[in-house]
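So you can see what is in the structure, the chains are spelled out below.
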Amino acid sequence: MTEITRAGSNSAEVPATEDQAGAQPEMGGDFLMVSWISLLMALLVSTVTLAAYHFWLAKPTAGFAVVDLASVVKIKETEFTTLLSRPNVSDEDRKAAYLMVSRIGPAIEHAVDRLQKECGCTIVVKSAVIAGPAEDLTPRLKAMLGMSTGTEAQGFGEKP
């Protein structure tokens, strides 16, 4: 089989072989299949990477917990008042009451820090929460400070 060129051309007749005729690759099926396989492999690698990050590296989102500091301070204030309002208060009792007052602030701060590390959450003053669920850690705070959990219901700071 030979190729015929135009009459005005200077080129000679070139024999065409069957190899040259079939040299045009089919772009349809193979290219589409390779594209889909590449896309699926990229999707699989991305999914596995995200899943691995989620399960092994990502830390869970910290929640919120509340503490009723006003009630704790009120109980300590009541203890202080009760201690000083007894008849025949000695100077040692007054010194003990003032020592108790001077230590309550750092004690509450230290207990709240420990509480935050235990729960791994953000602790908010209870009065700051308008709506939504939050764990109440006030009983645990009272236990850390050596207070009875029933003192809030009684309205005074002495242990039952």
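Details of the structure are given in the entry above.
Procedures and definitions
- Residues numbered from 1 in each chain as written.
- Predicted model: local features only at pLDDT ≥ 70, side-chain atom pairs only at ≥ 80, totals over all residues.
- Heavy atoms only, no water.
- Patch = residues over 30% accessible without salt bridge, like charges linked within 9 Å, V, L, I, M, F, W, Y side chains within 5 Å.
- Areas by Shrake-Rupley, 256 points an atom, 1.4 Å probe, with all protein chains shown as cover.
- Salt bridge = Lys/Arg side-chain N within 4 Å of Asp/Glu carboxyl O.
- Helix = DSSP H or I, 4+ residues; strand = E, 2+ residues; numbered from the N terminus.
- Phe/Tyr/Trp six-rings, centres within 6.5 Å; stacked < 30°, edge-to-face > 60°.
- Buried < 20%, exposed > 50% of the residue type's maximum accessible area, 1.4 Å probe, protein only.
- Disulfide = S-S within 2.5 Å.
- Core = buried A, V, L, I, M, F, W, Y, C linked by side-chain atoms within 4.5 Å.
- Expected span 1.5 Å × (residues − 1).

1. Things to note about a nonpolar patch on the surface
Taken together, Leu32, Trp36, Leu39, Leu40 and Leu43 make up a surface patch of nonpolar side chains, about 550 Å² in accessible area. The topology assignment puts Leu32 in helix H2 (residues 29–57).

2. Quick look at the packing of aromatic side chains
Here the structure, examined in full by the defined rule, presents 1 aromatic pair. An angle of 65° between the planes, with centres 5.7 Å apart, marks the rings of Phe80 and Tyr98 as edge-to-face. One end of the pair, Phe80, is in helix H3 (residues 69–84); the other, Tyr98, is in helix H4 (residues 91–119), with 18 residues separating them in the sequence. Among the residues examined, Tyr98 registers a relative accessible area of 53% and is labelled exposed.

3. Some words on the state of the cysteines
Taken as a whole, this structure holds 1 disulfide when the rule is applied. For Cys119, the disulfide goes to Cys121, at an S-S distance of 2.0 Å. When the S-S torsion is -85°, as for the bridge of Cys119 with Cys121, the disulfide is left-handed. Looking at Cys121, the relative accessible area reads 7%, which means it is buried.

4. Brief notes about the nonpolar core
Of all hydrophobic cores here, the largest spans 14 residues; its most connected members are Val72, Leu115, Leu141 and Leu145. Only strand E1 (64–67), H3, H4 and helix H5 (138–144) provide two or more residues apiece to this core. Of all the elements, H4 adds the most residues to this core, at 4 residues.

5. Quick notes on H3
In this model H3 runs 23 Å from its N-terminal to its C-terminal C-alpha over 16 residues, within 8% of the 22 Å that 1.5 Å per residue would give. Buried within H3 we find Ser71, Val72, Ile75, Lys76, Thr78, Glu79 and Phe80.

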